[in-house]
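Observations on the three-dimensional arrangement
Residues per chain are reported as follows:
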Amino acid sequence: MLVDWQYVVFALFFTAVYVAYTTIARRSLVPALLAVAIGAAWLVLALPLLVPTVAQIRSGVTQLPDLSAARTYSADLLNFVLPSPLHPWWGAWGERMQEDFTAPPVEAAIFLGFLPLALAALGLVWDRRRAGLWALAAMVFCLLALGPVLHVNGRWRFGDSGWSVPLPYAALQRLPGLNVARVPLRFSVMLTLCLAVLAGLGLVQLARRFPRLGGGRARLALAPVLLAGLLVEHLALPYQMERVQAPAFYRQLAGSPEAGTILEWPFSLRRARSNYYQTVHGRPIVGGYVARRMHYTLRVLPPLGGLPERGSEIVSSEVEPANLGAWALDYSGVRWIVVYPDDPRLDRQGLPQFLGRYAEPMLVYQDGETVVYRPRPPGAPTSFLALGRGWYDLEERPAGQPPARWFSAAASLNAWSFGPEPRTYALRFDAWAYHQPRRLQILLDGQPVGEWRVEHTQRFDVPLTLTPGEHTIELRALDPPTSPASVGAAGNDTRPLSFNISNVELPPKP
């Protein structure tokens, strides 16, 4: 638990297998009672960490993986018997064989080895009494590592009809607490542990059935042979290593008292080195490699967030307002823009435009690794409006009509006001109540602004005073929603609907 919650999950599953096996084998409830006692003691000790972890998951900070993520990071049945791509002799062959596999090699290198498998088979055949528990546990963890559906040679759909083979892991994705796991492959850690014990039992039985193998001289000769066999199967040479050192600018920044946030360009949420560099310079960063769902203003605003194309969304923000990106950087506290010229993800053609729009022309620092700029100071005040939560998919409407979205009980808009002082805006939108007149309430940051009865398509023009920063505007239906199917409308649309919204904008009041 102090290292990684995944090991807690491994321990829980192993305990469950152990209890089930020993309870049946001994025909006694004592193992189950002991497991309950141990679990209760662990729970008491774990509460100081368990409670905030559960609260974090419930808050939505930890992003739950979708079904496709678990399917991607599942073991292929052939992963267990194909050598690592890093093997100096047949690694290239193994790499070619795994080209169509869904999981990346860094996760899918779970080759068990033919020698351990052979020894484990001997242990299971010759010592079933002691090997039974470990064989059962190995089978359970093997099934879990295979993920929600069976993969064979890179395929999980078979035949002309595209049928698939569901596996037990699919049920885990519906259990609270366990549904945060995203890499079924990692259950192979426990499979390897079980295989090691089974292989050990196989060695013991070999020595007992062939006494000469158990003698002192035979042991001295066989131990190096077995070790060499394991090395030959699992050899990974030359093992790629690279010296990691923070760029000189970050080492220099570590001794500076200046505060501020660092935006690394190109932006990435998969650059693990950024987290290491942060331990050197000690400043907040935008990006890095974290498992939590981070609330980044820059993710939805320029320069990172793209604006919708004209006529493609209910919010009328097709053109980037002046100074919006500069204000977004200022709002996020960005003090340095660090460009990595040699990063393969860098858009070199678009870099001059990016720097011209968001960075001051004077360099702060430059060497062979990094080029550092200051962000441009924001200019005139501006604002921005984007969709929040609670909206249904964009409706397909006849040509010439603006895009629209339905919502059920409530839907939100995220609004930003950038400037030194509070400003008054006009929240404008068209609303249409479904099937019957309905009451619509508007809230700003949780505080009611007003309530209206909507009978037909109605244009709203609501004044809102926004302080500098981010705000949440909520549209809330005060009457129960209605599904088209329940009132006999055409089709089988069972969505509960309240209001249809279009033409949303937030211009400043004169």
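What comes next is a walk through the structure. If you're wondering where the values come from, they're calculated on a predicted model, not measured in any experiment. (Residues numbered from 1 in each chain as written. Predicted model: local features only at pLDDT ≥ 70, side-chain atom pairs only at ≥ 80, totals over all residues. Heavy atoms only, no water.)

1. Brief notes about the overall build of the protein
How we decide: Strands here mean DSSP runs of E at least two residues long; helices mean DSSP runs of H or I at least four residues long; both are numbered from the N terminus. Radius of gyration here is computed from C-alpha atoms only, and the compact-globule reference equals 2.2 Å multiplied by the residue count raised to the power 0.38. Every residue pair with non-hydrogen atoms within 4.5 Å of one another is taken to be in contact. A 1.4 Å probe and the Shrake-Rupley method give the accessible areas. Residues count as covered only by the protein chains that appear here. When charges are counted, neither His nor the chain ends are considered; positive counts come from Lys and Arg and negative counts from Asp and Glu. By convention, the charge on Lys lies at NZ, on Arg at CZ, on Asp at CG and on Glu at CD.
A tally of regular secondary structure across the protein gives 15 helices and 14 strands. In terms of overall size, the protein is more extended than a compact globule, its C-alpha atoms giving a radius of gyration of 30 Å where 510 residues would be expected to give roughly 24 Å. A principal-axis box enclosing the C-alpha atoms of the protein has dimensions of 100 × 65 × 55 Å. The long-range share in the protein, meaning contacts at least 24 apart out of those at least 6 apart in sequence, stands at 71%. If you sum the accessible surface of the protein, you get close to 28,300 Å²; carbon and sulfur atoms cover 59% of it. One finds the centroid of the 46 positive side-chain charges in the protein at a distance of 12 Å from the centroid of its 38 negative side-chain charges.

2. Focus: the pairing of strand 3 (residues 334-339)
So the rule is basically this: The buried label applies to any residue whose accessible area, calculated with a 1.4 Å probe on protein chains only, is under 20% of its type's maximum; exposed applies above 50%, and partly exposed to all values in between. One bridge is not enough; two strands pair if DSSP finds at least two bridges between them.
Most of strand 3 sits inside the fold, with five of its six residues counted as buried. Both strand 1 (residues 261-265) and strand 3 contribute to a ladder of five bridges, which runs parallel. Its bridge partner lying in strand 3, Thr261 is registered against Val334. Here strand 3 runs beside strand 5 (residues 371-375); their pairing, made up of three bridges, is antiparallel. If you follow Val338 over to strand 5, its bridge partner there is Val372.

3. A short note on the pattern of salt bridges
Charged atoms that come close allow side chains of opposite charge to pair. As a reminder of what qualifies: What makes a salt bridge here is a side-chain nitrogen of Lys or Arg within 4 Å of a carboxyl oxygen of Asp or Glu, nothing more.
Evaluated as defined, the whole model comprises 17 salt bridges. A salt bridge links Glu107 to Arg186, with the nearest nitrogen and oxygen atoms 2.7 Å apart. Placement of the pair is Glu107 in helix 5 (residues 105-108) and Arg186 in the loop between helix 8 (169-172) and helix 9 (188-209), with a sequence separation of 79 residues. Here Glu107 falls in the buried class, since its relative accessible area comes to 19%. On the basis of relative accessible area, Arg186 is assigned to the partly exposed category, the value being 30%.

4. Some words on the pairing of strand 1
Applicable threshold: Crossovers are marked right-handed if the path from the first strand over the helix to the second runs clockwise, as seen with the strands pointing away from the viewer.
Burial within strand 1 is extensive, with five of its five residues counted as buried. Burial along strand 1 is two-sided: Thr261, Leu263 and Trp265 facing one way and Ile262 and Glu264 facing the other are all buried. Two strands pair when backbone bridges link them, and strand 1 and strand 2 (residues 285-286) are joined in this way by two bridges, in the parallel orientation. Looking at strand 2, one finds that Leu263 is bridged to Val286. Following the chain from strand 1 across helix 12 (residues 272-281) to the adjacent parallel strand 2, one finds a crossover that is right-handed.

5. Here's the deal with a nonpolar patch on the surface
We count it as follows: Residues with no salt bridge and a relative accessible area higher than 30% make up the patches, which join like charges within 9 Å and nonpolar side chains (Val, Leu, Ile, Met, Phe, Trp, Tyr) within 5 Å.
A cluster of nonpolar residues, Leu2, Val3, Tyr7, Leu49 and Val189, forms a patch on the protein surface that exposes about 550 Å² of accessible area. On the secondary structure map, Leu49 appears in helix 2 (residues 30-59).

6. Re the packing of helix 7 (residues 128-145) against helix 9
Note the following rule: Where helices are involved, their axes are fitted lines through C-alpha atoms of the stretch in contact, as for all axes, and angles between N-to-C directions lie from 0 to 180°. Here the word oblique covers every angle except those under 35 degrees (roughly parallel), over 145 (roughly antiparallel) and from 65 to 115 (roughly perpendicular). Rotating anticlockwise by less than a right angle from the far helix to the near helix defines a left-handed crossing, while the corresponding clockwise rotation defines a right-handed one. Under the scheme applied here, ten amino acids are nonpolar (Ala, Val, Leu, Ile, Met, Phe, Trp, Tyr, Cys and Pro), four are charged (Asp, Glu, Lys and Arg), and all others, including Gly, are polar.
Interaxial distance between helix 7 and helix 9 falls to 8 Å at its minimum, and their mutual angle equals 150°. Judged on the interaxial angle alone, helix 9 and helix 7 are roughly antiparallel. When the axes of helix 7 and helix 9 are compared, the crossing they make is left-handed. Of the residues in helix 9, those touching helix 7 at Arg130, Ala131, Trp134, Ala135, Ala137, Ala138, Phe141, Cys142 and Ala145 are Ser188, Met190, Leu191, Cys194, Val197, Leu198, Leu201, Val204, Gln205 and Arg208. Partitioned by chemical class, the residues of the contact of helix 7 with helix 9 number 15 nonpolar, two polar and two charged.

7. Examining the packing of aromatic side chains
In plain terms, the rule: Working definition: rings of Phe, Tyr and Trp (its six-membered ring) pair if their centres are within 6.5 Å, and the pair is stacked with planes under 30 degrees apart, edge-to-face with planes over 60 apart, and tilted otherwise.
Counting across every chain of the model gives 25 aromatic pairs. Relative to Trp416, the ring of Phe384 lies with its centre 5.9 Å away and its plane at 40°, an arrangement referred to as tilted. Residue Phe384 is found in strand 6 (residues 382-387), and its partner Trp416 is found in strand 8 (residues 410-418); the two are separated by 32 residues along the sequence. According to the relative accessible area criterion, Phe384 is buried, its value standing at 6%.

8. Notes on the layout of surface pockets
We apply this condition: Lining residues are those with an atom within 4 Å of a point, where the points come from a 1 Å grid over the protein atoms alone and group into cavities, where a 1.4 Å probe fits but cannot get out, or pockets, open sets with protein on both sides within 12 Å along at least five of seven lines. Grid points are joined across faces, edges and corners, and a volume is the space filled by probe spheres set on the points.
Of the volumes computed, that of the second largest pocket is approximately 350 Å³. Around the second largest pocket, the lining comprises 16 residues; the ones closest to its centre are Ala11, Thr15, Ala35, Ile38 and Gly39. Listing elements by their share of the lining of the second largest pocket, those giving two or more residues are helix 1 (5-26) and helix 2. Along the lines of polarity and charge, the residues of the lining of the second largest pocket split into 13 nonpolar, two polar and one charged.

9. A few points about the sheet that holds strand 1
Ordered by their spatial adjacency, five strands build an open sheet running 2-1-3-5-4, and the pairing between neighbours is mixed. Here the strands that pair on one side only, and so sit at the sheet edges, are strand 2 and strand 4 (359-366). Along the sheet, helix 15 (residues 351-358) contacts strand 1, strand 3, strand 4 and strand 5; its crossing angle with strand 4, the most-contacted strand, is approximately 105°.

10. Remarks on unusual backbone geometry
For the peptide bond that leads from Leu237 to Pro238, omega is -5°, which places it in the cis range. Tracing the backbone shows Pro238 in the loop between helix 10 (216-234) and helix 11 (248-254). Put simply, Pro302 and Pro303 share a cis peptide bond, and its omega is 10°. For Pro303, the location among the structural elements is in the loop between helix 13 (297-300) and helix 14 (324-331). Look at His435: it is not a glycine, yet its phi comes out positive at around 70°.

11. Examining the environment of Pro496
Structurally, the position occupied by Pro496 is in the loop between strand 13 (469-477) and strand 14 (499-505). Each C-alpha atom, one on Pro496 and one on Trp406, is 9.3 Å from the other, the two residues being 90 residues apart in sequence. Not counting the four nearest positions on each side in its chain, Pro496 is found in contact with Tyr392, Phe407, Ser408, Pro481, Thr482 and Ser483.

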